[in-house]
Amino acid sequence: MISFEHVFKRYPNGREALRDVSFRVAQGEMVFLTGRSGAGKSSILKLVTLLERPTRGKVAVHGQDTGALPSRAIPAYRRRMGVVFQDHQLLADRPVYDNVALPLIVADTPFREIDRRVRAALDQVGLLGREKSLPVELSIGEQQRVGIARAVVGKPAILVADEPTGNLDHDLARDVMRLFKRFQEVGVTVLIASHDETLVREFAQREIHVQSGQVST
Amino acid sequence: MSGVSSWFSRHAQAGIAALGRLLRRPLGTLLATSVIAIALALPAGLWVLTTNLRSLTGDVTQTLEVSVYLKPGVPLERAERLAADARRRAEVASVTVISAEQGLAQFKDHSGFGAALEALDTNPLPHVLTIRPRVTATTPRSMSALRNHLAAWPEADTVQLDTEWVQRLDSILDFLQAAFATLAIALGAGVVAVIGNSVRLEVDSRRAEIEVTKLVGGSNAFVRRPFLYEGFFYGLIGGVLALAYGSAVLAALQEPLARVSALYGGRLGIEGLTLEEAGLLVGAGSLLGLVGAWLGAARHLARIEPRE
């Protein structure tokens with residue numbers, strides 16, 4: 001589902017973030033990217049979400065070489081993927097409903113369908129009934145769950161999360177991880193970057209350890 | 001997802017959202033659209049002014065006559081033959097021969113010098129041909145061709161053609177309209193710049209939203225659409241305001257104009273824009289808005305990439 005082959009990433013400022021990174025994530029697998037902050041976890045996720053392109057090497061997602069994708073194909077590519085961020089990236093001036101509906105709206109989904117799927121996604125994260133709330137009216141844990149609802153509302157085959165529990169205490173973090181696990185159980189491929197080793201141990205999934213831009217599995 | 005209805009709902013949604021944003025900050029919208037309205041109303045007003053002046057000169061030209069005063073002693077039969085010659089010309093509508101006797105009689109009746117004229121032994125007036133040109137032939141060129149033809153008659157003494165001031169006014173109006181067209185282009189560029197700038201600022205203030213939208217798979221076309229509608233509505237509202245301002249000025253001018261008109265036998269009046277011209281003004285405003293939004297937003301938006 002996701003494969004890196006001898007991937008190098010050097011940023012314009014000269015920093016070499018990834019050096020000869022190769023790994024595979026199979027379909028339906030849940031994998032943790034672990035390692036200290038600055039080790040290269042975020043760079044890997046940026047290459048998967050096509051926020052960045054590799055300097056060298058090949059990144060393939062959905063069995064497709066991302067290097068062959070022209071920029072105009074990137075929006076459609078991103079619609080097949082759900083992304084969750086540490087700081088959740090919600091639109092502060094829009095209610096929960098609009099935030100969750102955004103991936104469907106950009107994909108030209110019919111209104112009736114949007115309504116049904118937004119409610120289903122909010123139900124899955126336990127926030128049904130909060131559609132009209134603004135993000136600031138929710139707790140941090142709830143905000144993160146809105147972010148997850150937005151990531152899964154388009155029924156993506158791949159779910160990518162960058163430190164999704166970074167701002168949460170242990171109990172809330174565990175709740176969020178359970179949510180990811182539940183999506184993996186229904187067939188979604190899940191890739192989560194996390195430096196919280198205790199939590200990662202608890203869920204006992206395959207780990208890809210990143211250190212100084214190199215991986216060891 | 002299906003074709004036309006999806007296309008329509010996408011656009012309706014982007015359009016309504018853009019209009020909603022403009023209406024949610026009414027003062028800012030009013031200020032920006034007023035600048036646009038004035039930039040549109042100024043050339044439109046000058047256009048109205050010049051077309052009205054031109055229609056006034058049109059009236060004058062249509063009642064135009066050319067008088068040919070024949071040399072004293074030219075016999076009346078000769079005058080009739082010259083009249084027949086003039087009638088054959090394409091630019092001539094009709095020719096009237098006023099004999100010296102008729103001329104004298106008219107002069108006695110109208111001038112009030114009847115008694116004085118009685119004292120004259122001989123008729124001092126020549127025969128006169130009064131030529132009325134066709135309306136289609138009242139261009140300066142064909143009028144001067146006619147004049148040259150008539151002046152070349154050996155029997156002609158004087159050819160009187162009171163069109164020179166009309167021609168002068170006409171060429172002044174030509175010049176003014178060309179000047180106003182240039183002004184309109186400059187102001188149009190101004191409208192594009194104002195709208196482009198407003199939309200660009202709007203893009204900057206919504207950068208976070210644009211980044212998130214692109215992050216979840218929004219295409220450049222998707223994020224661009226509401227901004228293009230915003231520019232379009234700026235131009236549309238500006239055009240409508242321009243019509244409103246123009247009508248207000250016209251209404252304010254009606255009374256003083258009526259007073260002037262009363263002095264000139266009630267023949268003066270200002271015609272405002274026709275329906276087509278009004279539509280053209282609003283359409284031009286909308287188009288300029290769209291162009292401004294495109295220039296201000298399109299490349300700027302394409303460069304905004306999510307950084308995460």
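Keep in mind that what you see is a predicted model, and the values were worked out from it rather than measured.

### A few points about the overall build of chain B
From N to C terminus, chain B includes ten helices and four strands. For chain B, the N- to C-terminal ordering of α and β elements is α-α-β-α-β-α-α-β-α-β-α-α-α-α. By sequence separation, contacts in chain B at least 24 residues apart represent 84% of the contacts at least 6 residues apart. Surface exposure of chain B reaches about 17100 Å², of which carbon and sulfur atoms provide 65%.

### A closer look at the environment of Ala 115 of chain B
All names here are of chain B. Considering the arrangement of structural elements, one finds Ala 115 in helix 5 (residues 114–118). Judged by its relative accessible area of 68%, Ala 115 is exposed. Separated by 125 residues in sequence, Ala 115 and Val 240 place their C-alpha atoms 66 Å apart.

### As for helix 6 (residues 170–185) of chain A
The end-to-end C-alpha distance of helix 6 of chain A is 22 Å, a good match for the 22 Å that 16 residues give at a rise of 1.5 Å each. Considered for burial, the residues of helix 6 of chain A that qualify are Ala 173, Val 176, Met 177, Leu 179, Phe 180, Lys 181, Phe 183 and Gln 184 of chain A.

### Things to note about the pattern of salt bridges
Within the structure shown, the criterion is met by 27 salt bridges over all chains. For Arg 10 of chain A, the salt bridge is made with Glu 16 of chain A, and the minimal N-O distance between the two is 3.8 Å. Owing to a relative accessible area of 45%, Arg 10 of chain A belongs among the partly exposed residues under this scheme. Overall, Glu 16 of chain A belongs to the partly exposed group, its relative accessible area being 36%. Beyond isolated ion pairs, a larger network of salt bridges with shared partners links Asp 93 and Arg 94 of chain A together with Arg 21, Arg 25, Glu 202, Arg 206, Glu 209 and Glu 230 of chain B.

### Re the domain arrangement of chain B
Along its sequence, chain B is organised into domain 1 (3–60 + 167–303) and domain 2 (65–161). For domain 1 of chain B versus domain 2 of chain B, the distance between C-alpha centres works out to 54 Å.

### Here we look at the layout of surface pockets
Volume-wise, the largest pocket comes out at about 770 Å³. Lining the largest pocket are 27 residues, and of these Arg 94 of chain A together with Ala 17, Arg 21, Arg 206 and Glu 209 of chain B sit closest to its centre. Mapped by element, the contributors of at least two residues to the lining of the largest pocket are helix 3 (96–106) and helix 4 (111–124) of chain A together with helix 1 (3–24), helix 8 (207–215) and helix 9 (220–263) of chain B. When its residues are assigned to classes, the lining of the largest pocket shows 14 nonpolar, three polar and ten charged.

### Here's the deal with the nonpolar core
Residues and elements named next belong to chain A. Counting 37 residues, the largest nonpolar core has Val 100, Val 118, Ile 148, Leu 159, Phe 180 and Ile 192 as the members making the most contacts within it. Only strand 3 (30–34), helix 3, helix 4, helix 5 (140–152), strand 7 (158–162), helix 6, strand 8 (189–193) and helix 7 (197–203) provide two or more residues apiece to this core. Tallying contributions element by element places helix 6 first for this core, with six residues. Looking at which domains feed residues into this core, each of domain 1 (1–80 + 156–217) and domain 2 (85–155) supplies at least three. Filtering out sequence-adjacent residues up to four positions away, Val 100 remains in contact with Val 118, Ala 121, Leu 122, Val 146, Ala 149, Arg 150 and Val 153. Within the second largest apolar cluster, 32 residues are counted, among which are Val 25, Leu 45, Val 48 and Val 61.

### Thoughts on the packing of aromatic side chains
All names here are of chain B. Applying the stated criterion across every chain yields a total of three aromatic pairs over all chains. Pairing Phe 232 with Phe 233 gives two aromatic rings, centres 5.5 Å apart and planes at 70 degrees, and the pair type is edge-to-face. An aromatic cluster is present here, built from Tyr 229, Phe 232 and Phe 233 joined pairwise through their rings. Directly above the ring of Phe 227 sits Arg 21, whose terminal nitrogen or CZ lies 6.0 Å from the centroid.

### Focus on the interface of chain A and chain B
In this assembly, 19 residues from chain A lie in contact with 21 residues from chain B. Summed over both partners, the interface of chain A with chain B comes to about 1900 Å²; 62% of that surface belongs to carbon and sulfur atoms. Broken down residue by residue, the surface that chain A buries against chain B is led by Arg 78, Val 106 and Asp 108 of chain A, which jointly contribute 27%. Joining chain A to chain B, the criterion identifies one salt bridge. Here Glu 209 of chain B ties to Arg 94 of chain A by a salt bridge, and the two come within 2.7 Å at their closest N and O atoms. Counting every contact that joins chain A to chain B gives three residue pairs in polar contact (both at pLDDT 80 or more).

Calculation rules
Residues numbered from 1 in each chain as written. Chains lettered and ligands numbered in written order. Predicted model: local features only at pLDDT ≥ 70, side-chain atom pairs only at ≥ 80, totals over all residues. Heavy atoms only, no water. Helix = DSSP H or I, 4+ residues; strand = E, 2+ residues; numbered from the N terminus. Contact = heavy atoms within 4.5 Å. Areas by Shrake-Rupley, 256 points an atom, 1.4 Å probe, with all protein chains shown as cover. Buried < 20%, exposed > 50% of the residue type's maximum accessible area, 1.4 Å probe, protein only. Expected span 1.5 Å × (residues − 1). Salt bridge = Lys/Arg side-chain N within 4 Å of Asp/Glu carboxyl O. Domains from an automatic or database assignment. 1 Å grid on protein atoms, 1.4 Å probe; cavity = no way out; pocket = protein on both sides within 12 Å on 5 of 7 lines; lining within 4 Å. Points joined across faces, edges and corners; volume = space filled by probe spheres on them. Nonpolar A, V, L, I, M, F, W, Y, C, P; charged D, E, K, R; others polar. Core = buried A, V, L, I, M, F, W, Y, C linked by side-chain atoms within 4.5 Å. Phe/Tyr/Trp six-rings, centres within 6.5 Å; stacked < 30°, edge-to-face > 60°. Lys NZ or Arg CZ within 6 Å of the ring centre and 35° of its normal. Buried area = accessible area lost by both parts, 1.4 Å probe. Polar contact = N/O pair within 3.5 Å; in protein donor to acceptor, adjacent residues only side chain to side chain.

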